[in-house]
Amino acid sequence: MSDVLVRGQSIDGAIRVFVGVTTDLVNKAHEIHNTSPVATAALGRTLTVAAIMGQGLKNETDSVTLQFRGDGPIGNIVAVTDSKSQVRGYVVNPYVDLPLNENGKLDVGGAVGKGYLHVIRDLSMKEPYSGQVPIITGEIAEDVTYYYAKSEQIPTAIGLGVLVGTDNRAICAGGFMIQLMPEATEEVTGKIEDRMKEIKPITEMLERGMTAEDMLFYLTEGFDMLVQNETVEPKYQCKCSKKRMHDAVVSVGKKELRKIIDEDGECEVECQFCNSKFVFDKEALEEMYKKAR
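In short, a report on the structure. (Residues numbered from 1 in each chain as written. Predicted model: local features only at pLDDT ≥ 70, side-chain atom pairs only at ≥ 80, totals over all residues. Heavy atoms only, no water.)

### Some thoughts on the sheet that holds strand β8 (residues 156–164)
Here comes step 1: The 5 strands are arranged β8-β9-β2-β1-β10 in an open sheet whose pairing can be described as antiparallel. In this open sheet, the two strands that pair with only one neighbour each are β8 and β10 (225–227). Put simply, the sheet's adjacent strands are angled 15° from each other on average, direction ignored.
Here comes step 2: Pairing between strand β1 (residues 4–10) and β10: 3 bridges, direction antiparallel. (Pairing = 2+ DSSP bridges. Helix = DSSP H or I, 4+ residues; strand = E, 2+ residues; numbered from the N terminus. Axes fitted to C-alpha atoms, helices over the stretch in contact; angles between N-to-C directions.)

Given below as structure tokens:
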């Protein structure tokens, strides 16, 4: 099943739903970062929810960045998305290895630890909007749900899942987000809450062969739903380039550049999102020095 994101809303406008299958993009992230099973799950869940959040962006230049800054052994987790759900991300320690949790599952919460979730929305205005909430469980879905409730006051239900095989690759991965709109009545709210108690884990749905559209209708059983015809293919897509890295090196300033030129004679910059390396020789650095402040 190839990666896809579908969205729908109830006919009365009370709820909107996003469902994504993200197995391929999670495996692309695993291949780039050589992640351990728990890191594959943690980064995969974060990339999946970022891809879903990308569907709320309007302009091509808009972006959302998720940063889990926990005190657990995985270190920080970062994921960035655009309006086309092209995502990129990394974890500080991709090789983290932990025993399974008490439920016999990968211990993502233990890997993340306690700390803060930062959500930065760059909507092409003068200043990006930034929200911060405490990390509640470290399991990713509950933390982003809490962010929506506290920072955006949008009642939201999120489910995320990455089933990792013995080769550390994702067998399947996906997620959903259901949000209550201002039209939602108390009856609708109660109905959704009851439904969330009954549903199967997202990886179980995927293992059964359910499509994203199947899952959307399953999640919203009892509601009259409209599914938008336009589907999106979420992808792991880095946006680094030699020019971007050039600009990043220039931004360190004249003093630091002089030090690099005198001590090293060249500079190698590595992209955290895709591990691509860019080398600038002494001549290039001297040109940067002239442009730097």
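### Some remarks on the pattern of salt bridges
Here comes step 1: In total, this model carries 13 salt bridges according to the counting rule given.
Here comes step 2: A salt bridge links Arg 208 to Glu 204; its shortest N-O distance comes to 3.4 Å.
Here comes step 3: On the accessibility criterion, Arg 208 (55% relative accessible area) is exposed.
Here comes step 4: When the shortest N-O distance is used, the salt bridge between Glu 270 and Lys 277 registers 3.6 Å.
Here comes step 5: Judged by relative accessible area, Glu 270 falls into the partly exposed class, the value being 40%.
Here comes step 6: Exposure remark for Lys 277: the relative accessible area of 49% places this residue in the partly exposed category. (Salt bridge = Lys/Arg side-chain N within 4 Å of Asp/Glu carboxyl O. Buried < 20%, exposed > 50% of the residue type's maximum accessible area, 1.4 Å probe, protein only.)

### Things to note about the packing of helix α8 (residues 242–250) against helix α10 (residues 282–291)
Here comes step 1: Two elements in contact, α8 and α10, have axes separated by 9 Å at closest approach and are oriented at 60°. On the basis of the axis angle, α8 is oblique to α10. Here the hand of the crossing between α8 and α10 comes out right-handed. Seen from α8, the contacting residues are His 246, Val 249 and Val 250; seen from α10, they are Leu 285, Met 288 and Lys 291.
Here comes step 2: Residues that form the contact of α8 with α10 fall into these classes: 4 nonpolar, 1 polar and 1 charged. (Parallel < 35°, antiparallel > 145°, perpendicular 65-115°, else oblique. Left-handed = near helix turned anticlockwise from the far one by under 90°. Contact = heavy atoms within 4.5 Å. Nonpolar A, V, L, I, M, F, W, Y, C, P; charged D, E, K, R; others polar.)

### A closer look at empty space enclosed by the protein
Empty space left among the atoms is revealed by rolling a probe the size of a water molecule over them.
Here comes step 1: A complete count under the given rule lists 1 cavity of 30 Å³ or more for this structure.
Here comes step 2: Estimated volume of the largest cavity: approximately 30 Å³.
Here comes step 3: Of all elements in the fold, only α1 (23–33) and α2 (37–53) reach the threshold of two or more residues within the lining of the largest cavity.
Here comes step 4: With 4 residues, the top contributor of residues to the lining of the largest cavity is α2.
Here comes step 5: Each residue belonging to the lining of the largest cavity can be placed in one class, and the counts come to 4 nonpolar, 4 polar and no charged. (1 Å grid on protein atoms, 1.4 Å probe; cavity = no way out; pocket = protein on both sides within 12 Å on 5 of 7 lines; lining within 4 Å. Points joined across faces, edges and corners; volume = space filled by probe spheres on them.)

### What to know about a negative patch on the surface
Here comes step 1: A cluster of acidic residues, Glu 256, Glu 263, Asp 264, Glu 266, Glu 268, Asp 281 and Glu 283, forms a negative patch on the protein surface.
Here comes step 2: Among the secondary structure elements, Glu 263 is positioned in helix α9 (residues 254–263). (Patch = residues over 30% accessible without salt bridge, like charges linked within 9 Å, V, L, I, M, F, W, Y side chains within 5 Å. Areas by Shrake-Rupley, 256 points an atom, 1.4 Å probe, with all protein chains shown as cover. Lys, Arg positive; Asp, Glu negative; His and termini not counted. Charge placed at Lys NZ, Arg CZ, Asp CG, Glu CD.)

### Looking at the layout of surface pockets
Here comes step 1: In this structure, the largest pocket occupies an estimated 1000 Å³ of space.
Here comes step 2: What lines the largest pocket is a set of 35 residues, among which Arg 45, Leu 160, Gly 161, Pro 201 and Ile 202 lie closest to the centre.
Here comes step 3: Where the lining of the largest pocket is concerned, the elements lending two or more residues are α2, α4 (141–151), β8, β9 (170–180), α5 (186–198) and α6 (202–207).
Here comes step 4: Among the elements that line the lining of the largest pocket, the one with the most residues is β8, at 9 residues.
Here comes step 5: Classifying every residue of the lining of the largest pocket by side-chain character gives 19 nonpolar, 8 polar and 8 charged.

### Re the sheet that holds strand β3 (residues 63–70)
Here comes step 1: Overall, mixed pairing links the 6 strands, which are arranged β7-β6-β3-β4-β5-β11 in an open sheet. Each having just a single partner strand, β7 (129–134) and β11 (235–236) make up the two edges of the open sheet.

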